[in-house]
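Remarks on the overall topology
Chain by chain, the residues run as shown.
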Amino acid sequence: MPELPEIQAHAERLHRAFAGARLEQFVPLAFTALKTAVPPADATHGHEVVFIGHRGKHLLMDVGVATFVIHLMQGGRLLVDEKQSARPRNGQARWLFDDGQALLLTEAGSERKAGVWIVADDPEDQPPLAGLGPDADTVDVDGLQALLLAHPMRLHGFLRDQRILAGLGRRLANEVCHRAQLSPFANTAKLDRDDIKRLREAIAVCVNEGLAYERGLDAMSSSADRPGHVHHRVGEACPICGDSIRSVEYSAYTVAYCPTCQTGGKVLADNTTSKFLK
Ligand SMILES: [Zn+2]
């Protein structure tokens, strides 16, 4: 799933291409694509794109009278629609602009979770943004400490929870824990001030590294190509210490970590196969 750096760089790219364009029509192509009924889509027609930005993993397209909030989820993409074919493959929704350009929301697979919300007034107060934590790269050490103390849980789960911190997912949770030299299973309430400073720095480093990579591309990267030390690198050598990257497998994701860098050499119990290793 694209995370904060991919979404932010994509928003920057789309802003350069579409800011100032006048929206002629928003067309849902699949009945599940548009998640809101009010305001109606045609209230946005004829209005110019003020900016395209992001909040956490959501893309925002502000057209003045309303904001389109777009969540790509796992398989969604918001693409410049060159062909504008009548029945685009995996097409979910389309924005047609008066300069002849178009944007197409696609979603591969059958999950149909990607979606578009049209919201008037402040999008922060309404679904799907209401209840999101602050963007992960905007929190200072004190703010992070307060959030950690308020949510005692495993660090990896904390980093992935959008209601606590927005923008990080499975990949960056793995990378941030590694850069901070903290166990993904560390209890958030037990981290000391030095741990929290390293965690704050690790979030900044990982987000900036991802942003620098994405900004060098013409389109959003595929997940296997994104920079990192541990994610998608299980069994490879840790670039810091040379130990083997290990994993704990869950049905929906993999926690990847380096024992030497993060757990004092301890191999974490695998969730499915080796509970006895504790
Ligand atoms: Zn290591």
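Relevant structure appears above.
One structure accompanies this document, and this report is about it. (Residues numbered from 1 in each chain as written. Predicted model: local features only at pLDDT ≥ 70, side-chain atom pairs only at ≥ 80, totals over all residues. Heavy atoms only, no water.)

What follows concerns the packing of helix α2 (residues 141–150) against helix α5 (residues 193–215). Running from N to C, α2 and α5 point in directions that differ by 110°, and their axes come no closer than 9 Å. The orientation of α2 with respect to α5, classified from their angle, is roughly perpendicular. Handedness of the α2/α5 crossing: right-handed. Here Val141, Asp142, Leu144, Gln145 and Leu148 of α2 lie close against α5, whose contacting residues are Arg193, Ile196, Lys197, Leu199, Arg200 and Ile203. For the contact of α2 with α5, the residue count by class is 6 nonpolar, 1 polar and 4 charged. (Axes fitted to C-alpha atoms, helices over the stretch in contact; angles between N-to-C directions. Helix = DSSP H or I, 4+ residues; strand = E, 2+ residues; numbered from the N terminus. Parallel < 35°, antiparallel > 145°, perpendicular 65-115°, else oblique. Left-handed = near helix turned anticlockwise from the far one by under 90°. Contact = heavy atoms within 4.5 Å. Nonpolar A, V, L, I, M, F, W, Y, C, P; charged D, E, K, R; others polar.)

Helical geometry: 3.6 residues make up each α-helical turn, so side chains three or four residues apart lie on a common side. Where burial is concerned, most of helix α4 (residues 170–179) is hidden: 9 out of the 10 residues are buried. All of the buried residues in α4 are Arg171, Leu172, Ala173, Asn174, Glu175, Val176, Cys177, His178 and Arg179. Tucked into the core, α4 has its buried residues touching α1 (4–18), α3 (155–160), α5, β10 (254–257) and α6 (259–262). A positive backbone phi angle near 55° is found at Gln181, which sits one or two residues after α4. (Buried < 20%, exposed > 50% of the residue type's maximum accessible area, 1.4 Å probe, protein only.)

Turning our eyes to something else, we now look at the pattern of salt bridges. Under the criterion given, the structure shown has 13 salt bridges. For Asp135, the salt bridge is made with Arg55, and the minimal N-O distance between the two is 2.5 Å. Here Asp135, found in the loop between β8 (115–119) and α2, pairs with Arg55, found in strand β2 (residues 51–55); they are 80 residues apart in sequence, far enough to count as distant. Owing to a relative accessible area of 9%, Asp135 belongs among the buried residues under this scheme. With relative accessibility at 12%, the residue Arg55 sits in the buried group. Asp142 is paired through a salt bridge with Arg193; the nearest N and O atoms lie 2.9 Å apart. Pair noted here: Asp142 is in helix α2 and Arg193 is in helix α5, with a separation of 51 residues, a long-range link. Relative accessible area serves as the criterion here: at 35%, Arg193 is assigned to the partly exposed category. By sharing partners, the salt bridges in this structure join Glu6, Arg171 and Arg226 into a single network. (Salt bridge = Lys/Arg side-chain N within 4 Å of Asp/Glu carboxyl O.)

Remember that the coordinates give geometry; whether it matters functionally is a separate question.
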